[in-house]
2 protein chains.
Amino acid sequence: MISENKQQKSTQKQGGDNSACKCGKWQRRKEDRPGEILFAALQVFSSKGFAAARLDEVAKKAGVSKGTLYLYFESKQALFKAVVTEFVLPQIQQAEEHAESYQGPIRDLMNNLLLHWQTHILQTELAGIPKMIIAEASNFPELAEFYVENVVNRVLAFISKLVKLGIERNEFRQCDPVNTARAFLTPMVFSAIWQHSMSVFDKGFDTKDYLDTHIEIVLDGLTKDNQA
Amino acid sequence: MISENKQQKSTQKQGGDNSACKCGKWQRRKEDRPGEILFAALQVFSSKGFAAARLDEVAKKAGVSKGTLYLYFESKQALFKAVVTEFVLPQIQQAEEHAESYQGPIRDLMNNLLLHWQTHILQTELAGIPKMIIAEASNFPELAEFYVENVVNRVLAFISKLVKLGIERNEFRQCDPVNTARAFLTPMVFSAIWQHSMSVFDKGFDTKDYLDTHIEIVLDGLTKDNQA
DNA sequence: CATAAATAACTGACTGGTTAGTTATTAAAC
DNA sequence: GTTTAATAACTAACCAGTCAGTTATTTATG
């Protein structure tokens, strides 16, 4: 009986709505609840934003009652914060490790990072997080501060270091590393924001074309002797 | 009495809070109310977003009671929409007219547009509108649709035309005009979004440096024979 | 092993505070 | 005195967070 329940769980993230599963209402699965709740919260927050997100909807998506949310998270804000920590930080970690072990031109590494963003992040609910943060920053300054310290600054430092390395290796022309890092990152962030807000209405927006143009302009603009 | 009030009004946008004025509570100024309310709404919406904006705060800022808002605007959403129409569309009109009468290199014209953005838009409450739209797009799809049709598509068409002209005149290299227009516009929009959300916490962000790097990369990247 | 008591996960109806929108009333204007 | 701008008290709805009650699971007992 117990093992059956635990196996059933493995398909949960595909469905996206645990309430569909046939298991009874009073299933006790202390281990799995936090993850299920966080994933449900990511979905609701990323599409509605913080203020408009309804905890009843999060609970329904996670297949629990609203009361259960409060067994695992202190408040709506704590849940919001946990979503960011849970889903964003591991991604950065992974990118840093990839760069660490990478041998080859910086240009190609940066191209890899952008490609990974395009194929593995933009498609997922993760892409909703930047919009969520920006939208709620002024109403929840504590969260914005947390995000800048743990995400923005860390990513900026990471990319700046790559640009600096590119200059040292004589791959890139002279430029300000931090601002160039921002120039490189902006369209990545923007593509995520746009996809999660306006792309439904902005029919002409094709993420791939947009990012291809971007990488062409920025990396060709940086690379020395890029004339064919 | 009336003329006194009207003169008093001219300083309103500096103060930003009409409730400070000593005129009596029952002043009847049918002509001026809509503008005052719209400006107050712009301020509140642009800093709080739609959902978190409180009509009581808008009313207080405009120096009226909440009931008065409903004499001039049908609903919160109608007010929101009016803010966009009132403040954004004239700016685009102006930019289009400037371009129309412009004689000289496209590169310089685009530089002008970016400079005007930097010095005349980014400083003002207007810069809060993009964030406001993006943040609320999924909760108010009708508004997002309205914005794409009236603002996004119009600006994209405008800039695309300039890029196309640049290619024809042999100033720019071959490229896709629409995606290049997006590449040019993205950091402008992003600077506005960032300024109205994260810049308080992201201390390293300097709008001028950021946009200078941007224009350098994009326009140098586009311009033919840009080797010194 | 069977059964009962204890514990802890979980539920859902409820509360208190908040706010968009309404309306009865007041005062200004002519 | 009539009309209308403006007010302020009001209502209806909504929702984060609570808690008393329900059920699954574990532990203790014979």
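Since this is a predicted model, take the numbers as computed values, not measurements.

What counts, and where the lines are drawn
Residues numbered from 1 in each chain as written. Chains lettered and ligands numbered in written order. Predicted model: local features only at pLDDT ≥ 70, side-chain atom pairs only at ≥ 80, totals over all residues. Heavy atoms only, no water. Core = buried A, V, L, I, M, F, W, Y, C linked by side-chain atoms within 4.5 Å. Buried < 20%, exposed > 50% of the residue type's maximum accessible area, 1.4 Å probe, protein only. Near = heavy atom within 4 Å. Polar contact = N/O pair within 3.5 Å; in protein donor to acceptor, adjacent residues only side chain to side chain. Helix = DSSP H or I, 4+ residues; strand = E, 2+ residues; numbered from the N terminus. Nonpolar A, V, L, I, M, F, W, Y, C, P; charged D, E, K, R; others polar. Contact = heavy atoms within 4.5 Å. Least-squares fit on C-alpha atoms with pLDDT ≥ 70 in both. Axes fitted to C-alpha atoms, helices over the stretch in contact; angles between N-to-C directions. Parallel < 35°, antiparallel > 145°, perpendicular 65-115°, else oblique. Left-handed = near helix turned anticlockwise from the far one by under 90°. Buried area = accessible area lost by both parts, 1.4 Å probe. Salt bridge = Lys/Arg side-chain N within 4 Å of Asp/Glu carboxyl O. Expected span 1.5 Å × (residues − 1).

Enquirer: For the nonpolar core, give the residues involved together with the corresponding values.
Expert: Ranked by size, the top nonpolar core spans 146 residues in total, and within it I159 of chain A together with I129 and I159 of chain B carry the most contacts. Grouped together as the second largest cluster of nonpolar side chains are 6 residues, A183, I217 and V218 of chain A together with I217 of chain B included.

Enquirer: Any chance you could break down the protein's contact with DNA strand D for me, citing the residues and the numbers?
Expert: Neighbouring DNA strand D are 22 residues; R28 and R54 of chain A together with R29, T68 and Y72 of chain B lie closest to it. When atoms of DNA strand D within 4 Å of the protein are sorted by moiety, sugar and phosphate together comprise 66%. Between DNA strand D and the protein, one listed contact pairs a phosphate oxygen with a side-chain N or O atom of R33 of chain B at 2.9 Å. Here S65 of chain B contributes a backbone N or O atom positioned 2.8 Å from a phosphate oxygen of DNA strand D. The set of elements that each furnish at least two residues to the surface near DNA strand D consists of α5 (66–72) of chain A together with α5 (66–72) of chain B. A breakdown of the residues in the surface near DNA strand D according to their chemical character gives 8 nonpolar, 5 polar and 9 charged.

Enquirer: Go over the side chain of S46 of chain B, please, and point to the residues and values.
Expert: In this structure, S46 of chain B sits in helix α3 (residues 33–48). Residues in contact with S46 of chain B, not counting those within four places in the same chain, are A41, E125, G128, K131, M132 and H196 of chain B.

Enquirer: Can you explain the relation of the copies chain B and chain A? Please cite residues and give values.
Expert: At an RMSD of 0.1 Å, chain B and chain A line up after a rotation of 180° and a shift of 0.0 Å along the axis. Such a combination of turn and shift is consistent with a two-fold rotation axis. Residue by residue, 100% of the interface of chain B is reproduced at the interface of chain A, so both copies engage with the same surface.

Enquirer: Pulling in residues and values, what's your account of the packing of helix α3 (residues 33–48) of chain A against helix α4 (residues 55–62) of chain A?
Expert: All names here are of chain A. Two elements in contact, α3 and α4, have axes whose closest approach is 8 Å; the angle formed by their N-to-C orientations is 135°. Classed by the angle they form, the pair α3 and α4 counts as oblique. Every pair of crossing elements has a handedness; the one defined by α3 and α4 is right-handed. Contact with α3, carried on its side by E36, I37, A40, A41, Q43, V44 and K48, involves E57, V58, K61 and A62 of α4 and no other residues of that element. For the contact of α3 with α4, a count of residues per class yields 6 nonpolar, 1 polar and 4 charged.

Enquirer: How would you sum up the environment of F201 of chain A? Please name residues and give values.
Expert: Its place among the elements puts F201 of chain A in the loop between α10 (177–195) and α11 (207–222). Taking the C-alpha atoms as reference points, F201 of chain A and I129 of chain A, separated by 72 residues in sequence, lie 20 Å from one another. Those residues within four positions of F201 of chain A in sequence are excluded, and the remaining contacts are A137, P141, A144, E145 and V148 of chain B.

Enquirer: Kindly report on the protein's contact with DNA strand C, identifying the contributing residues and their values.
Expert: The environment of DNA strand C is formed by 22 residues, the closest being K30, S65, T68 and Y72 of chain A together with R54 of chain B. Within 4 Å of the protein, the atoms of DNA strand C are drawn from sugar and phosphate moieties in a proportion of 63%. Within the side chain of R28 of chain A, a nitrogen or oxygen atom sits 2.8 Å from a base nitrogen of DNA strand C. Between DNA strand C and R29 of chain A, the relevant distance is 2.7 Å, taken from a phosphate oxygen to a main-chain nitrogen or oxygen of the residue. Elements that contribute at least two residues to the surface near DNA strand C include exactly α5 of chain A together with α5 of chain B. The element best represented in the surface near DNA strand C is α5 of chain A, accounting for 4 residues.

Enquirer: Lay out the interface of chain B and chain A with the relevant residues and their values.
Expert: For interface size, the figure often reported is the accessible area lost on association. Each partner contributes residues to the interface: chain B has 42 residues there, and chain A has 42 residues. Roughly 3700 Å² of surface becomes buried between chain B and chain A when both sides are summed, with 68% attributable to carbon and sulfur atoms. One can count 4 salt bridges joining chain B with chain A. Our enumeration of links across chain B and chain A arrives at 10 residue pairs in polar contact (both at pLDDT 80 or more). Of all the secondary-structure elements, those providing two or more residues to the side of chain B that touches chain A are α3, α8 (128–136), α9 (141–168), α10 (177–195) and α11 (207–222) of chain B. For the side of chain B that touches chain A, the element with the most residues is α10 of chain B, which contributes 10 residues. By residue class, the composition of the side of chain B that touches chain A is 23 nonpolar, 11 polar and 8 charged.

Enquirer: Tell me about helix α7 (residues 106–121) of chain A, and please be specific about residues and values.
Expert: If you check α7 of chain A, its first and last C-alpha atoms are 21 Å apart, about what 16 residues at 1.5 Å a residue would give, namely 22 Å. Of the positions making up α7 of chain A, those classed as buried are I106, L109, M110, L113, L114, W117, Q118 and I121 of chain A.

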